[in-house]
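Working through the structure, step by step
Each chain, letter by letter, is given below.
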2 protein chains.
Amino acid sequence: MAVGKSVKRVDAVAKVTGRARYTDDFFIPGTLVAKYLRSTIAHGRVTKIDTGKAEQLPGVEAVFTYADVPQNKFATAGHPYSLDSAHKDVEDRLLLTQNVRYWGDEIAVVVAENKIVLQESLRLIDVVYEEYEPLVTAEAALAEGVREIHAGSRNLIGESHYAVGGNIEDALANADVVLEGRYQTQMCQHCHIENHIAYAYMDDLEHIVVVSSTQIPHIARRIVGQALGLPWGRIRVIKPYIGGGFGNKQDVILEPMVAFLTLKLGGRPVKIDLSREECMIGTRVRHPFDVKIRAGVNTDGTLVALDVDAVSNTGAYASHGHSVAGAAGAKFRSLYPRSAIKYHARTVYTNTPAAGAMRAYGAPQMIFALDCIIEEAARKIGMDPVEFRLKNVARQGDADPLSGERFKSCAIIECLQKGKELIGWDEKRAAWPKEQTGPLRRGLGVACFSYASGTYPVCMEVAGARIILNQDGSLHIQVGATEIGQGLDTIVAQMAAETIGIPFEQVHVVSAQDTDVAPFDTGAYASRQAYVASNAVFRAARELKAKILEHAGRMTGILGGELDIVYGNLVHRDDPTRIVLTLRELALDAYYDKERGGQLTADVSHKTTTNAPTFGCTFVEVEVDVPLCKVNVREIYNVHDSGVILHPVMAKGQVHGGVAMGVAAALYEEMLIDQNTGYIYNNNFLDYKIPTTVDVPDIGCEFVETYEPTSGYGNKALGEPPIISPPPAVRNAIWDATGVKINELPMTPHRLYRYFKKAGLV
Amino acid sequence: MAVGKSVKRVDAVAKVTGRARYTDDFFIPGTLVAKYLRSTIAHGRVTKIDTGKAEQLPGVEAVFTYADVPQNKFATAGHPYSLDSAHKDVEDRLLLTQNVRYWGDEIAVVVAENKIVLQESLRLIDVVYEEYEPLVTAEAALAEGVREIHAGSRNLIGESHYAVGGNIEDALANADVVLEGRYQTQMCQHCHIENHIAYAYMDDLEHIVVVSSTQIPHIARRIVGQALGLPWGRIRVIKPYIGGGFGNKQDVILEPMVAFLTLKLGGRPVKIDLSREECMIGTRVRHPFDVKIRAGVNTDGTLVALDVDAVSNTGAYASHGHSVAGAAGAKFRSLYPRSAIKYHARTVYTNTPAAGAMRAYGAPQMIFALDCIIEEAARKIGMDPVEFRLKNVARQGDADPLSGERFKSCAIIECLQKGKELIGWDEKRAAWPKEQTGPLRRGLGVACFSYASGTYPVCMEVAGARIILNQDGSLHIQVGATEIGQGLDTIVAQMAAETIGIPFEQVHVVSAQDTDVAPFDTGAYASRQAYVASNAVFRAARELKAKILEHAGRMTGILGGELDIVYGNLVHRDDPTRIVLTLRELALDAYYDKERGGQLTADVSHKTTTNAPTFGCTFVEVEVDVPLCKVNVREIYNVHDSGVILHPVMAKGQVHGGVAMGVAAALYEEMLIDQNTGYIYNNNFLDYKIPTTVDVPDIGCEFVETYEPTSGYGNKALGEPPIISPPPAVRNAIWDATGVKINELPMTPHRLYRYFKKAGLV
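Residues numbered from 1 in each chain as written. Chains lettered and ligands numbered in written order. Predicted model: local features only at pLDDT ≥ 70, side-chain atom pairs only at ≥ 80, totals over all residues.

Let us now look at unusual backbone geometry. When glycine is set aside, most residues are seen to have a negative phi, and most peptide bonds are trans. Going from Y456 of chain B to P457 of chain B, the amide bond is cis rather than trans, its omega being 5°. Topologically, P457 of chain B is positioned in the loop between strand 16 (440-451) and strand 17 (462-469). At the junction of L745 of chain B and P746 of chain B, the peptide bond is cis and its omega measures out at -10° in the coordinates. Relative to the helices and strands, P746 of chain B resides in the loop between helix 18 (726-738) and helix 19 (749-758). Of note, S319 of chain A is a non-glycine position whose phi angle comes to about 45°, a positive value. (Helix = DSSP H or I, 4+ residues; strand = E, 2+ residues; numbered from the N terminus.)

This part is about the sheet that holds strand 4 (residues 99-100) of chain B. Residue and element names in this part refer to chain B. Across the sheet, three strands lie side by side as 4-2-6; this open sheet has antiparallel pairing. The sheet is open, and its two borders are formed by strand 4 and strand 6 (126-131), each paired with just one other strand. Note that strand 2 (residues 44-50) and strand 6 share six bridges and pair antiparallel. What sits directly across from K48, in strand 6, is V128. (Pairing = 2+ DSSP bridges.)

Each side of the interface is counted separately: chain A has 58 residues, and chain B has 60 residues. Looking at the side of chain A that touches chain B, the elements that each hand over two or more residues are helix 1 (12-17), strand 9 (197-204), strand 17 (462-469), strand 18 (475-479), strand 19 (507-510), helix 16 (583-592) and strand 24 (601-607) of chain A. Of all the elements, strand 24 of chain A adds the most residues to the side of chain A that touches chain B, at five residues. Considering only residue class, the side of chain A that touches chain B consists of 24 nonpolar, 18 polar and 16 charged. (Contact = placed C-beta atoms within 7 Å. Nonpolar A, V, L, I, M, F, W, Y, C, P; charged D, E, K, R; others polar.)

Residue and element names in this part refer to chain A. Given a rise of 1.5 Å per residue, twelve residues ought to cover 16 Å, and the 16 Å separating the end C-alpha atoms of helix 6 (residues 217-228) matches this to within 8%. Judged by how many residues are buried, helix 6 sits mostly within the fold: eleven of twelve residues are covered. Along helix 6, the residues that are buried comprise P217, H218, I219, A220, R221, R222, I223, V224, G225, A227 and L228. Considering only its buried residues, helix 6 is in contact with strand 10 (207-212), strand 11 (235-239), helix 7 (255-264) and strand 20 (513-514). Two residues or fewer past helix 6, G229 is found with a positive phi of approximately 65°. (Expected span 1.5 Å × (residues − 1). Buried ≥ 20, exposed ≤ 12 C-beta atoms within 10 Å, placed from the backbone.)

What follows is about the relation of the copies chain A and chain B. Superposing chain A onto chain B requires a rotation of 180° together with a translation of 0.0 Å along the rotation axis, leaving an RMSD of 0.0 Å. One copy is carried onto the other by what is essentially a two-fold rotation axis. When C-alpha positions in chain A are compared against the rotation axis, the closest is assigned to F27 of chain A, at 2.8 Å. A share of 100% of the interface residues of chain A reappears at the interface of chain B, consistent with the copies meeting face to face through the same patch. (Least-squares fit on C-alpha atoms with pLDDT ≥ 70 in both.)

Residues and elements named next belong to chain A. The topology assignment puts T582 in strand 23 (residues 575-582). For T582 and A552, which are 30 residues apart along the polypeptide, the C-alpha to C-alpha distance reads 10.0 Å. With near-sequence residues (within four places) excluded, T582 lies in contact with G473, G568 and N569.

Our next topic: the packing of helix 6 of chain A against helix 7 of chain A. Geometry of a packed helix pair, given as the angle between the helix axes and the separation of the axes. Residues and elements named next belong to chain A. As a packed pair, helix 6 and helix 7 sit with axes 9 Å apart at the nearest point and diverge in direction by 55°. Relative to helix 7, helix 6 is oriented oblique. In this structure, the crossing between helix 6 and helix 7 has a hand that is right-handed. Between helix 6 and helix 7, the residues in contact are A220, I223, V224, A227 and L228 and E255, P256, A259, F260 and L263, respectively. (Axes fitted to C-alpha atoms, helices over the stretch in contact; angles between N-to-C directions. Parallel < 35°, antiparallel > 145°, perpendicular 65-115°, else oblique. Left-handed = near helix turned anticlockwise from the far one by under 90°.)

Glancing now at the packing of helix 10 (residues 363-380) of chain B against helix 18 of chain B. All names here are of chain B. Here helix 10 crosses helix 18 at 30°, and the two axes come no closer than 8 Å. Considered as vectors, helix 10 and helix 18 are oriented roughly parallel to each other. Crossing of helix 10 over helix 18 shows right-handed handedness. Where helix 10 approaches helix 18, its residues P364, I367, F368, D371, C372 and E375 are matched on the opposing element by P727, P728, R731, N732 and W735. Looking at the contact of helix 10 with helix 18 residue by residue, the classes come out as seven nonpolar, one polar and three charged.

Right, let's get into the pairing of strand 14 (residues 303-315) of chain A. Residue and element names in this part refer to chain A. The element strand 14 is largely enclosed, with a buried count of twelve among its 13 residues. Two strands pair when backbone bridges link them, and strand 13 (residues 289-297) and strand 14 are joined in this way by nine bridges, in the antiparallel orientation. Bridge pairing in strand 14 links G296 to A305. Remark: five residues form the turn of the hairpin made by strand 13 and strand 14, two consecutive strands paired antiparallel; G301 in that turn has positive phi of roughly 100°. Note: strand 14 against strand 15 (residues 340-349), ten bridges, orientation parallel. Residue pairing across strands places L306 opposite I341, the latter belonging to strand 15. Crossover strand 14 to strand 15 through helix 9 (residues 323-331) is right-handed. (Right-handed = clockwise from strand over helix to strand, strands pointing away.)

This next bit is on the domain arrangement of chain A. Residue and element names in this part refer to chain A. Looking at the assigned domains, one finds that chain A contains domain 1 (31-132 + 196-273), domain 2 (289-456 + 610-758) and domain 3 (462-607). Placing a centre on the C-alpha atoms of domain 1 and another on those of domain 2 gives a separation of 36 Å. For the side of domain 1 that touches domain 2, a count of residues per class yields seven nonpolar, seven polar and six charged. (Domains from an automatic or database assignment.)

All names here are of chain A. With mixed pairing, the four strands of this open sheet are ordered in space as 19-18-17-24. Two strands close off the open sheet at either side, each with one partner strand: strand 19 and strand 24. Direction aside, the axes of adjacent strands within the sheet are offset by 20° on average. Pairing analysis gives five bridges linking strand 17 to strand 18, with the strands arranged antiparallel. Bridge pairing links R466 to Q478 in strand 18.

Okay, here's the thing in structure tokens:
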């Protein structure tokens with residue numbers, strides 16, 4: 001009854017009234033503040049650093065440089081630890097570095113009483129660099145004879161291959177038509193409202209407490225332990241409400257440093273609160289991809305071969321390393337599972353900000369390239385682009401071509417059909433002139449994607465849930481999965497209410513994770529939580545329900561099997577109108593009877609060993625103002641197969657947000673880096689262009705509901721997917737309107753002008 | 001291996017270095033402060049209250065009076081809720097009162113930005129009273145025709161009787177000698193270092209968070225819900241480290257008010273931080289007892305009858321009500337289980353500060369009276385006081401005369417023998433002159449007690465423990481039982497280490513209780529925790545160990561039953577030197593293997609339905625300076641049978657603290673109240689005399705270890721007992737030295753002068 005309804009979010013009032021408390025809303029008297037000294041070159045080595053004047057400044061508590069930090073190299077990626085050493089993350093960082101690898105690299109840190117002193121003290125540190133030539137692009141970094149950004153790396157961080165559906169060269173040779181293309185995507189940033197912030201203090205000799213705006217508290221705990229060389233059990237991470245993450249808080253960025261500082265300063269609380277400027281360059285960005293594809297198609301519209309070669313630019317440090325390029329290759333397989341596919345990818349170090357996880361983790365880059373060439377193929381053989389996709393996308397009964405795992409739910413065909421209807425595809429194409437002229441031209445575009453519901457079998461998938469029957473008959477649910485604005489807290493409350501049989505309003509959620517007591521879960525990423533946590537919540541709810549029924553049996557003499565719980569009442573299973581007890585009466589007895597009962601709880605940890613593919617598509621109509629080189633998105637629809645929709649309003653919210661970010665990636669956002677110096681021009685919201693509410697089009701959103709049997713409640717991934725297909729759909733629509741194919745992002749007026757000029761349109 | 005050793009307290013460094021954080025060390029920006037307006041009369045009614053001027057004062061946020069608070073009467077006693085309506089606590093309070101019942105009663109509360117404004121604002125409130133005659137003593141309150149302090153109560157809050165061992169009048173009639181006496185004990189205060197403090201805020205519409213220095217977070221949660229008429233699940237109570245309680249924080253005093261204030265003020269954080277002066281009168285005190293006893297003895301030294309009639313003065317509000325007098329009567333039964341006993345007690349309202357729980361909960365008052373008459377009996381029949389006690393105290397094989405429950409461990413005889421040796425009883429009595437003269441006179445005194453290990457079967461006894469195997473192979477243990485300085489956190493870590501088989505240092509304790517996630521436990525009182533929690537910890541540790549062995553079996557193929565855990569290693573049960581795996585290796589596998597395992601935890605709630613009697617005695621040598629009427633305690637020894645001693649150093653710490661408080665009650669402490677007006681003269685540490693380190697004698701402490709099989713680790717109560725027997729032992733020693741029997745407490749020079757004058761000594 002609770003699942004599938006748009007119940008009121010558990011944090012709705014808190015968020016709307018400003019009552020919800022974030023990391024910076026908690027404060028310990030005497031908290032010190034810290035700030036990094038960042039390099040003013042992109043590539044080089046510090047040969048001398050003089051902190052003497054800064055240390056003398058009244059109000060400065062301490063200055064630490066690269067010479068003062070532990071020499072344990074660590075990885076910051078928010079992945080589960082792996083028992084397989086080949087699968088471990090790349091450990092290429094120290095807390096501070098002498099070797100500068102991007103403009104803004106952390107070479108020292110100052111701790112002071114307040115921010116004014118802090119700002120002043122940074123100016124007093126003298127640094128002398130030995131400068132090297134910055135390697136800003138992947139191509140430059142891979143060139144022969146250039147300096148290694150990390151010693152021994154040859155600037156190549158990882159490389160991977162796979163091939164399915166037979167020999168790719170044979171498939172291409174047998175294809176009626178072969179197309180080739182090269183597609184490039186930009187570096188962009190997550191731009192969450194709340195910048196990275198964390199503080200730490202020592203509670204006693206044994207425990208370092210880190211309070212942080214993180215998506216991954218349990219992983220942060222491990223990484224802080226690794227970075228500092230301390231037993232992981234001594235680290236405690238607490239995650240309050242967080243103001244957005246989008247993957248940028250799936251990296252452990254500030255936590256090891258604040259933990260280090262409190263350790264050095266006798267347990268005093270120390271906080272680092274990044275400014276927007278620091279956050280833009282000093283956290284993570286999206287990997288720019290450079291993708292070459294060859295596609296083979298037959299004239300009947302069958303896609304027979306996809307040969308993909310991708311280069312991913314990870315910037316100065318590995319962070320998620322080659323995983324993003326690996327995932328990008330894995331996630332589209334389910335979309336065209338009957339083609340021969342060959343995938344090759346490399347990830348390269350450059351002297352640019354470190355790239356990490358960002359919403360949809362490589363898929364937007366790959367789907368942009370893929371859907372460009374799919375569009376090319378359809379148009380080449382003269383087939384309607386929607387029809388071409390309908391013919392080739394996954395159908396019920398298909399399987400992942402690599403694992404052979406058959407899809408248990410798959411409705412991408414229905415999604416495409418619904419999207420086509422929504423936008424009036426056939427009507428508009430029939431009504432519009434074949435070739436448009438004049439300054440304002442309209443076009444239609446489509447793109448589609450597949451994605452995954454978690455990371456299994458690449459990574460381990462675990463979730464935990466603990467449910468407590470309260471004294472008043474209400475429930476408290478505690479999960480390791482993190483609320484990061486997406487509504488996870490509400491979803492798990494719905495699930496528990498549904499399975500136990502009590503009103504949704506009587507489920508209280510412990511929102512903050514505290515790694516000392518929160519059930520273990522790796523956190524918010526990979527669109528995994530509602531899918532993976534569902535199994536833990538389901539099992540915990542079933543277990544608690546069984547305990548409740550057993551206690552009811554002890555109270556009443558009626559066998560537990562003859563009872564059920566409906567809307568908070570214990571009733572006869574065969575006649576739910578016959579109420580035996582209220583849950584409140586039962587709870588009071590379980591707690592307070594002198595002999596029987598006790599606190600009834602269930603504490604479950606569950607590993608998920610399935611991974612349901614999720615599908616969807618975007619349909620868009622644009623109007624291109626040719627002289628102004630400006631694109632106006634007139635209509636846009638995203639249609640998703642995400643299994644059962646757990647909460648329609650929040651699901652729409654995810655889609656609206658994702659499509660807005662997708663349109664932004666298509667038309668607006670890009671980190672601008674000087675190709676010679678590595679300097680970043682637009683590390684702020686004045687110069688980095690995020691669409692505002694007036695720029696974002698009205699967004700249409702529909703679901704084709706399926707039932708995914710590997711999840712406790714029939715659902716599958718929806719968090720990241722909405723961002724994936726808008727950019728290629730917009731690109732295809734611009735092509736439709738103007739006849740100009742743009743193979744790079746973002747499609748700003750600046751870039752369009754170049755293409756239109758070349759095409760003779762302006 | 002861990003239990004029984006004086007391991008380093010888990011909070012030792014935190015406490016010694018000042019790193020441990022208490023309620024006032026946490027701070028939310030924008031916290032408002034609140035203060036009560038207290039009555040300036042002891043008995044009356046507010047006829048007019050004008051808060052207008054205070055409300056106008058800049059910085060004042062709100063003023064609430066008795067007219068503004070919910071009209072739900074509630075009880076503040078830290079007892080478990082009861083399903084038996086006859087056993088429920090007396091609900092006689094509102095958050096603020098129009099009817100003034102003691103000097104300092106809470107009639108209004110002001111909320112302001114800071115304490116300066118607060119102090120000023122209180123002066124601006126005009127109050128007009130209708131005054132009634134204060135009823136300061138129990139006798140006055142019980143007199144005919146006086147005004148009822150609570151309407152309908154006849155100033156009598158409860159009355160109870162029991163009789164065991166046959167008809168008391170027959171027993172007295174058959175006794176060789178019958179003695180009578182009347183004994184009075186004083187009102188005193190707990191004097192914990194940290195005054196009462198609490199703050200509350202609203203996290204979202206559903207949850208009011210109260211952070212409080214409390215012994216009983218889970219009970220506080222319920223009572224806040226009751227006082228405010230809110231579902232209990234909406235209340236969340238957090239207990240950080242607390243700076244002492246001694247029973248005064250087993251009452252829910254500030255929590256409902258701060259919760260009410262944040263509710264009224266839109267969720268803003270509001271704090272109440274009582275001053276010492278407020279804490280002395282406005283929290284709880286120890287019940288003054290007025291006890292009449294008749295004792296029957298035979299000339300062979302057999303105690304045959306005890307007829308006890310007690311009046312307990314509970315002051316203005318019920319708080320723990322009649323429970324203290326009831327417990328006082330129940331707890332000495334086990335000491336003289338072969339005598340006929342008749343017990344009658346009444347608890348009376350008066351216009352004095354409310355009395356509640358204080359260390360040993362009625363036993364010090366009752367044992368003072370009892371041991372005075374026991375001494376009288378021994379001396380009357382010319383028997384050595386120790387011999388007399390040895391003849392009559394409980395022996396192995398005796399049973400509680402009321403329940404018939406046989407004692408499973410009992411070594412009071414051995415305790416008395418050891419104490420006698422320690423002080424050199426026989427040698428000194430032989431060496432000293434029969435009658436002492438001169439200004440300085442020495443005397444020996446003895447007294448003994450029995451006590452209980454919890455509250456069952458009067459109340460429900462429950463404890464919870466959750467143990468988590470961490471990623472690094474260490475453990476986290478979370479209990480509902482509260483650390484209030486006594487060392488509970490260390491004890492549960494020892495227990496878990498012992499049962500699971502890992503080094504003590506690898507057990508981390510979640511010290512703070514957060515009622516949303518902490519296992520349910522009613523809290524720190526009744527010397528219950530180490531006894532009651534032991535069973536929950538034992539069960540949880542066994543359950544987790546079984547899960548660990550099962551996982552080891554899955555990893556190695558060796559059956560779990562063939563393995564054991566020794567000092568953090570999984571070993572062959574039959575050959576512990578053969579290490580199969582480390583616990584760290586196992587933990588990594590359980591967490592990170594992609595298919596098997598998960599987070600291994602155990603979450604246990606356990607009801608204890610036993611209650612082990614605990615025993616002990618005090619031996620003291622005093623030197624009385626007769627002209628100065630001053631008593632110098634030269635030697636004092638407490639000897640305890642508390643079962644297995646879990647941590648010798650902490651156990652001694654409990655005894656040292658308890659004996660110091662006992663000596664203080666004997667010689668120093670007393671709340672001085674004007675008998676006409678109810679005004680309290682000494683609400684501060686300048687006027688209320690606590691002994692300082694120079695006043696406290698060197699304390700000797702020994703244990704006679706027994707094994708109590710109803711506890712998981714053989715232990716029984718020790719927290720409160722050390723305070724019980726010092727006062728009568730000192731009193732008996734003064735009698736021994738001077739021939740003067742003092743039948744009231746405290747035995748200050750002021751009071752001694754009165755007695756010595758009457759006896760012609762001065």
